[in-house]
Every structure is written in structure tokens, then in C-alpha cells.
Amino acid sequence: MVAALGLAYALDQMGRNDAPQTPDRADSSRIIQTVGGRELAIPQTWFRTAQDTREGFVQQVDLKFALNFERTKSATLIDVTLLPLTRARASSALLDTVYVHQFQGALLQTVPGLVGKTLKQADGYAGEVVWYDALASRPFVAKCSTAPTPARPSRCVRTIHLSSGLAAIVSFNEAALTHWREFDSQMAPWLEQIGAL
């Protein structure tokens, strides 16, 4: 019985050690990965899973950032996937070439500064809304999907092209959409720190 109890404690401790860490910009550990010809020096706590931390050439880099938006008491965690520019189209380009042909219904205006359009219930777009800044030449654009269960938050995805020749696919809870004006300025220091800008 004592041996079984000891084993249970050991397994519990191992599970705690494998739990995802909060990304920390002060983390001095570095994993060197090269994606799309760009060498990145990434703190270990930024990786989404421990399996992603091997050094060398990779197809993509799956990270998490902790953004500190104004008027929020705690950091907002977002997922960021970095990959070669040629493997992802920017959301702003998709707005004019793909999404505009799928829009239906009236404009939604529940996010200050953005307008939303529901996508047709076809071609895999069921339950999705595209939010965008209608006044900008290079607009903020995010496509949000309703969560499959009420217990999970709805998620949004946005793809941007970086000047480094990489693309960043950003995924975040829909509640963070109200901070859309701060996204680029909040992400820039994280991307710059690892050499992605």
C-alpha cells in the first residue's frame, strides 16, 4: 500500500513537471531553430509543448505569448505559429479574395472599431464570423469560430506576414478581440526578441 501511494505521488509530480509553463520574456534558456531560412533563438518556456523544443531545421514553430493588454488585470495567452511566408496567406488578402464571396446577412458591430460578417453555412465555414477594420488599407482581419461545446471559448485566427519572410498564424480566445488595436504592438517585442522581425 505504501509503495502504491509513493508511485501515485511520483506520477502526480511528473504530471506537474509536464504542465505547460507560462511564457516568460526573461527566460534566458534558448533553443535555436531555423524555419524558412530564418534562425530563431527561442526561450524554452515559449514552446507550446516540450516535444517542440528540438534544435535545428523545422517546418514550423509553435509558440505561446503572454500579452499585456491595457485594461486587463492578467496576461492574455495567445498561440503563435511561425512558418515560411509561402505557406500561409495573410488574412487581409483573404478578406478581398475569399471571405468577401462567402459573406451573408447584415453587418455585426459588437466589437468596437470592427465590423463582422457571418460566413455562409457551406464549404466548411459554418458558425464562423470574419471581423475586420473596414477603414484601413491593410486591415486587421480575424476569423472567429464558435466553440464545439459551451464549456470552451470561441477562438479566432489571424495570419500576418512579417518583414522577416515568415508568416505568423495567431490564435486567441474571442474575448481578446476587443484589444485588436493593441495586437501588433504587443506581439512585436516577442517576435523581435527571437529574431522573427
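About the criteria used
- Residues numbered from 1 in each chain as written.
- Predicted model: local features only at pLDDT ≥ 70, side-chain atom pairs only at ≥ 80, totals over all residues.
- Heavy atoms only, no water.
- Helix = DSSP H or I, 4+ residues; strand = E, 2+ residues; numbered from the N terminus.
- Buried < 20%, exposed > 50% of the residue type's maximum accessible area, 1.4 Å probe, protein only.
- Contact = heavy atoms within 4.5 Å.
- Disulfide = S-S within 2.5 Å.
- Pairing = 2+ DSSP bridges.
- pLDDT = per-residue confidence, 0-100.
- Salt bridge = Lys/Arg side-chain N within 4 Å of Asp/Glu carboxyl O.
- Phe/Tyr/Trp six-rings, centres within 6.5 Å; stacked < 30°, edge-to-face > 60°.
- Lys NZ or Arg CZ within 6 Å of the ring centre and 35° of its normal.
- Axes fitted to C-alpha atoms, helices over the stretch in contact; angles between N-to-C directions.

### A closer look at the overall build of the protein
Broken down by element type, the protein carries three helices and 11 strands. Counting from the amino terminus, helix and strand elements in the protein follow one another as α-β-β-β-β-β-α-β-β-β-β-β-β-α. Burial status across the protein gives 42% buried among its 197 residues. Contacts in the protein between residues at least 24 apart in sequence constitute 44% of all its contacts with a sequence separation of at least 6.

### Observations concerning the state of the cysteines
Here a disulfide denotes one covalent bond, and it connects the sulfur atoms of two cysteines. For the structure shown, the criterion picks out one disulfide. Covalent S-S linkage joins Cys144 and Cys156, the inter-sulfur distance amounting to 2.0 Å. Taking the sign of the S-S torsion, about 100 degrees here, the bridge from Cys144 to Cys156 comes out right-handed. Of the two residues, Cys144 sits in strand E9 (residues 141-145) while Cys156 sits in strand E10 (residues 155-161), which places them 12 residues apart along the sequence. Judged by its relative accessible area of 3%, Cys144 falls in the buried class. The exposure class of Cys156 is buried, given its relative accessible area of 1%.

### Brief notes about the pairing of strand E4 (residues 61-67)
Among the seven residues in E4, seven count as buried, and that is most of the element. The pairing of E4 with strand E5 (residues 76-84) spans seven bridges and is classified as antiparallel. Bridging across to E5, Asp62 finds its partner in Thr81.

### Re unusual backbone geometry
The phi angle at Arg71 is positive, at roughly 65 degrees, despite the residue not being glycine. Within the fold, Arg71 resides in the loop between E4 and E5.

### Regarding the confidence of the model for the protein
Confidence in the prediction for the protein averages 88 pLDDT; 90% of positions are at 70 or higher. Within the protein, strand E11 (residues 166-173) carries the highest mean pLDDT (98), whereas helix H1 (residues 2-17) carries the lowest (41). Counted against residues more than four places away or in other chains, residues 1-19, with its pLDDT under 50, gives zero contacts.

### Quick look at the pattern of salt bridges
Applying the stated criterion across every chain, the model contains five salt bridges. Arg155 serves as the salt-bridge partner of Asp79, at 3.3 Å between the closest nitrogen and oxygen. With a gap of 76 residues between them, Asp79 in strand E5 and Arg155 in strand E10 connect regions that are remote in the sequence. In this structure, the salt-bridge partner of Arg158 is Asp184, at a minimum N-O distance of 2.9 Å. Taken as a pair, Arg158 in strand E10 and Asp184 in helix H3 (residues 183-194) lie far apart in primary sequence, 26 residues in all. Salt bridges sharing common partners tie together Arg48, Asp62, Asp79 and Arg155.

### Observations regarding the packing of aromatic side chains
Tallied over the entire structure, the rule returns eight aromatic pairs. With a centroid separation of 5.6 Å and 70 degrees between ring planes, the pair formed by Trp46 and Phe65 is classed as edge-to-face. A residue pair is termed long-range when its members are at least 10 positions apart, and Trp46 in the loop between strand E2 (38-42) and strand E3 (56-57) and Phe65 in strand E4 qualify at 19 residues. For Trp46, a relative accessible area of 0% translates into the label buried. Between Trp46 and Trp190, the aromatic rings sit 4.7 Å apart at their centres with planes inclined by 50 degrees, giving tilted as the arrangement. Of this pair, Trp46 sits in the loop between E2 and E3 while Trp190 sits in helix H3, and the two are 144 residues apart along the sequence. One aromatic cluster is present, built from ring pairs that chain together Phe69, Phe140, Phe172, Trp180 and Phe183. Stacked on the ring of Trp190, the Lys or Arg Arg25 has its end atom at 5.9 Å from the ring centre.

### Examining the sheet that holds E5
Spatially, E4-E5-E11-E10-E9-E8-E7-E6 is the arrangement adopted by the eight strands of the open sheet, whose pairing is antiparallel. Of all the strands in the sheet, just E4 and strand E6 (103-108) have a single pairing partner and so form its edges. Neighbour to neighbour, the strand axes of the sheet diverge by 25 degrees on average, direction disregarded. Looking at chain direction, E9 and E10 are connected through three bridges and run antiparallel. In the strand pairing of E10, Ser145 is matched with Arg155.

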